[in-house]
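Structural features, examined
Listed here are the chains, written in short residue letters.
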Amino acid sequence: MSILDIRVLGDPVLRKPTKPVTKITDELRKLIADMFETMYAAEGIGLAAPQVGRTERLAVVDVEGARHVLINPAIVSTEGEKEKAEEGCLSIPDIYGDVERPATVTILATDENGKEYEATGSELLGRCIQHEIDHLDGKLFIDYLSPLKRKAAMSKWEKAKADYPGSIRKVRAEVKGEHHHPNETEM
Ligand code: K2U
Ligand code: ZN
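An account of the accompanying structure is given in this report. (Residues numbered from 1 in each chain as written. Chains lettered and ligands numbered in written order. Predicted model: local features only at pLDDT ≥ 70, side-chain atom pairs only at ≥ 80, totals over all residues. Heavy atoms only, no water.)

**Some points on the coordination of the zinc ion (ligand 2)**
Surrounding the zinc ion (ligand 2) are the protein donor atoms C89 (SG), H131 (NE2) and H135 (NE2), which sit 2.1 to 2.3 Å from the metal. Read from N- to C-terminus, the donor residues coordinating the zinc ion (ligand 2) fall into the pattern C-x41-H-x3-H. Of this pair, H131 and H135 are both found in helix 2 (residues 123-136), 4 residues apart, which corresponds to roughly one turn of the helix. For H131, a relative accessible area of 10% translates into the label buried. (Donors = N, O, S within 2.8 Å, 3.2 Å for Na, K, Ca; no water. Helix = DSSP H or I, 4+ residues; strand = E, 2+ residues; numbered from the N terminus. Buried < 20%, exposed > 50% of the residue type's maximum accessible area, 1.4 Å probe, protein only.)

**Quick word on the site of ligand 1**
Taken together, 14 residues form the shell around ligand 1, and within it G46, Q51, L90, H131 and E132 come nearest. One of the side-chain N or O atoms of Q51 is found 3.0 Å from an oxygen atom in ligand 1. Contact with the protein chains removes 81% of the 480 Å² of surface that ligand 1 exposes when unbound. More than half of the atoms of ligand 1 fall within 2 Å of the grid points belonging to the largest pocket. No other element matches helix 2, which puts 5 residues into the shell around ligand 1. Of the residues assigned to the shell around ligand 1, the class counts are 5 nonpolar, 6 polar and 3 charged. (Near = heavy atom within 4 Å. Polar contact = N/O pair within 3.5 Å; in protein donor to acceptor, adjacent residues only side chain to side chain. Areas by Shrake-Rupley, 256 points an atom, 1.4 Å probe, with all protein chains shown as cover. 1 Å grid on protein atoms, 1.4 Å probe; cavity = no way out; pocket = protein on both sides within 12 Å on 5 of 7 lines; lining within 4 Å. Sits in = over half its atoms within 2 Å of the grid points. Nonpolar A, V, L, I, M, F, W, Y, C, P; charged D, E, K, R; others polar.)

**Structural notes on the state of the cysteines**
All chains considered together, the criterion is met by 0 disulfides. Left unpaired, C128 is separated from the closest cysteine sulfur, that of C89, by 10 Å. The exposure class assigned to C128 is buried, which follows from its relative accessible area of 6%. (Disulfide = S-S within 2.5 Å.)

**Observations regarding the sheet that holds strand 6 (residues 116-122)**
Read from one edge to the other, the open sheet built from 5 strands follows the order 2-3-4-5-6, with strand pairing classed as antiparallel. Of all the strands in the sheet, the pair left with one neighbour each is strand 2 (46-48) and strand 6. Within this sheet the neighbouring strands show an average axis-to-axis angle of 30°, counted without direction. Strand direction decides the pairing type here: strand 4 (residues 66-87) and strand 5 (residues 97-110), joined by 12 bridges, are antiparallel. Residue E87 lies in a different strand from strand 5, and its bridge partner there is G97. Along the sheet, helix 1 (residues 26-41) makes contact with strand 2, strand 3 (58-63) and strand 4, crossing strand 3 at roughly 40°. On top of the sheet, helix 2 reaches strand 2, strand 3, strand 4, strand 5 and strand 6; it is set at about 80° to strand 5, its chief contact. (Pairing = 2+ DSSP bridges. Axes fitted to C-alpha atoms, helices over the stretch in contact; angles between N-to-C directions. Contact = heavy atoms within 4.5 Å.)

Okay, structure coming up:
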């Protein structure tokens, strides 16, 4: 498995809608494994293919140990009052903002064995799933901010982006044992 570079705001790949996965190949499974490794190294709880420069409709999620592979995910229903919570994004480092989203979401997706499944998530899992599916539609959390808040975020990003030449964020390997997952294969 390898840690991939993360694309940051400014890279057009983050704004391109993704293409449905038609065949689950060994290469796609390797990408899934690399996305989990990259996500853990970047201390995220979700990661979508565009964030590593790929255009497949694919994301991975691990919220409190609940790992989900989201291949061709679709939201089938949302429930509950909209809840506001602060969000960040691995592709927009150090920028945060409040985003309102439905509390609970039910999705239909395919797993890495090609099996279709339905999952329901609330709270952080529900929010993360919605954040990742937005990525697959070229949408970022800053799109939900009020014009004033977005202006503030963008001017902060104008300065911060100098640290990411080529809109690339290099992710360093975690220190061993810093963050281990039970079913993670040893390198
Ligand atoms: O897709 C991504 O950029 C990873 C996002 C996913 C996410 C954003 C907001 C709320 C929930 C999930 C995050 O940067 S992962 C970082 C993180 C870690 C713990 C809790 C919230 C966010
Ligand atoms: Zn994100």
